Amino acid sequence: DAGITQSPRHKVTETGTPVTLRCHQTENHRYMYWYRQDPGHGLRLIHYSYGVKDTDKGEVSDGYSVSRSKTEDFLLTLESATSSQTSVYFCAISEWTGSRNTQYFGPGTRLTVL
Amino acid sequence: GQQVMQIPQYQHVQEGEDFTTYCNSSTTLSNIQWYKQRPGGHPVFLIQLVKSGEVKKQKRLTFQFGEAKKNSSLHITATQTTDVGTYFCAGPRNRDDKIIFGKGTRLHILP
């Protein structure tokens with residue numbers, strides 16, 4: 001699975017607490033993504049990164065921030081978690097074949113905000 | 001904005017029956033990809049189609065890319081319990097290098 005790990009795999013937290021999710025990859029991929037998956041919404045892009053210290057917002061970025069200080073790690077932070085952020089979070093990397101972008105996903109983090 | 005839509009959202013079939021899911025894009029796509037997500041798992045890349053009218057097979061799975069490169073289908077022949085999961089199509093967003101995913105079709109197999 002393209003050497004992608006996510007931690008933690010499960011987390012329960014309370015409203016208002018900060019939460020950081022980690023995505024780690026071992027194959028030096030330049031592009032990394034954070035998605036959330038909710039019933040009826042499919043996969044929605046939160047933030048992405050196209051290199052160290054280069055990040056940008058996706059379609060549902062409000063309430064989330066990211067950092068990428070090393071190629072292998074992409075961190076997603078919920079500064080003050082809310083119940084609406086209860087979801088499954090997937091990290092992904094891109095493999096490029098010419099101009100074609102194929103994505104490979106990590107195992108996911110199930111986050112519950114009480 | 002650009003959209004990728006899938007139908008049906010849910011499908012229940014008897015084991016052994018065939019299954020088809022359809023994907024439609026609001027814009028022409030340079031390629032289309034299919035992913036499968038088992039219950040409790042993560043999306044896994046299945047295949048990519050690039051050419052107009054392309055048909056590819058993977059055992060009992062047949063993937064088609066429409067002539068206008070705006071639609072695609074995935075057909076599973078004689079479903080098995082191992083086919084259970086959600087099937088997503090995805091295409092590149094025109095204005096940048098990101099991918100847009102359809103909302104998926106969840107397949108449930110009745111024994």
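Attention in this report is confined to the structure presented alongside it. (Residues numbered from 1 in each chain as written. Chains lettered and ligands numbered in written order. Predicted model: local features only at pLDDT ≥ 70, side-chain atom pairs only at ≥ 80, totals over all residues. Heavy atoms only, no water.)

1. So, the overall build of chain A
Step number 1: A count of helical and extended segments in chain A gives 0 helices and 11 strands.
Step number 2: N-terminal to C-terminal, the α/β element order of chain A is β-β-β-β-β-β-β-β-β-β-β.
Step number 3: Computed over its C-alpha atoms, the radius of gyration of chain A comes to 13 Å, within 12% of the 13 Å expected for a compact globule of 114 residues.
Step number 4: Here chain A holds 114 residues, and 48% of them are scored as buried.
Step number 5: Within chain A, counting contacts between residues at least 6 apart in sequence, those at least 24 apart form 54% of the total.
Step number 6: Summed over its atoms, the accessible surface of chain A is roughly 5300 Å², and 47% of this surface lies on carbon and sulfur atoms.
Step number 7: The averaged location of the 12 negative side-chain charges in chain A is 1 Å from the averaged location of its 12 positive side-chain charges. (Helix = DSSP H or I, 4+ residues; strand = E, 2+ residues; numbered from the N terminus. Rg over C-alpha atoms; globule rule 2.2 N^0.38 Å. Buried < 20%, exposed > 50% of the residue type's maximum accessible area, 1.4 Å probe, protein only. Contact = heavy atoms within 4.5 Å. Areas by Shrake-Rupley, 256 points an atom, 1.4 Å probe, with all protein chains shown as cover. Lys, Arg positive; Asp, Glu negative; His and termini not counted. Charge placed at Lys NZ, Arg CZ, Asp CG, Glu CD.)

2. Some details on the sheet that holds strand S1 (residues 4–7) of chain A
Residues and elements named next belong to chain A.
Step number 1: With antiparallel pairing, 4 strands are arranged side by side in an open sheet as S1-S3-S8-S7. At either end of the open sheet lies a strand with only one pairing partner, and these are S1 and strand S7 (64–70). On average, each strand axis in the sheet is tilted by 20° relative to the strand beside it, whichever way the strands run.
Step number 2: In terms of strand pairing, S7 meets strand S8 (residues 73–78) through 5 bridges, oriented antiparallel. (Pairing = 2+ DSSP bridges. Axes fitted to C-alpha atoms, helices over the stretch in contact; angles between N-to-C directions.)

3. Some details on the pattern of salt bridges
Residue and element names in this part refer to chain A.
Step number 1: Summed over the entire model, instances satisfying the criterion amount to 6 salt bridges over all chains.
Step number 2: A salt bridge links Arg 36 to Asp 38; the shortest N-O distance between them is 2.8 Å.
Step number 3: With a shortest N-O distance of 3.3 Å, Asp 73 and Lys 70 are connected by a salt bridge.
Step number 4: Members of the salt-bridge network, linked through shared partners, are Arg 22, Lys 70 and Asp 73. (Salt bridge = Lys/Arg side-chain N within 4 Å of Asp/Glu carboxyl O.)

4. Comments concerning the interface of chain A and chain B
Step number 1: Opposite the 21 residues of chain A that make contact, chain B presents 17 residues.
Step number 2: Counting each side, the surface lost to burial between chain A and chain B is near 1700 Å², with a carbon and sulfur contribution of 56%.
Step number 3: Taken as a group, Leu 43, Arg 100 and Phe 105 of chain A account for 27% of the area that chain A buries against chain B, more than any other trio of residues on that side.
Step number 4: At the boundary of chain A with chain B, the tally comes to 0 salt bridges.
Step number 5: Where chain A meets chain B, there are 3 residue pairs in polar contact (both at pLDDT 80 or more).
Step number 6: Among the secondary structure elements, those contributing two or more residues to the side of chain A that touches chain B are strand S4 (32–38), strand S5 (42–51), strand S9 (87–97) and strand S10 (100–105) of chain A.
Step number 7: Tallying contributions element by element places S10 of chain A first for the side of chain A that touches chain B, with 6 residues.
Step number 8: Broken down by class, the residue content of the side of chain A that touches chain B amounts to 11 nonpolar, 8 polar and 2 charged. (Buried area = accessible area lost by both parts, 1.4 Å probe. Polar contact = N/O pair within 3.5 Å; in protein donor to acceptor, adjacent residues only side chain to side chain. Nonpolar A, V, L, I, M, F, W, Y, C, P; charged D, E, K, R; others polar.)

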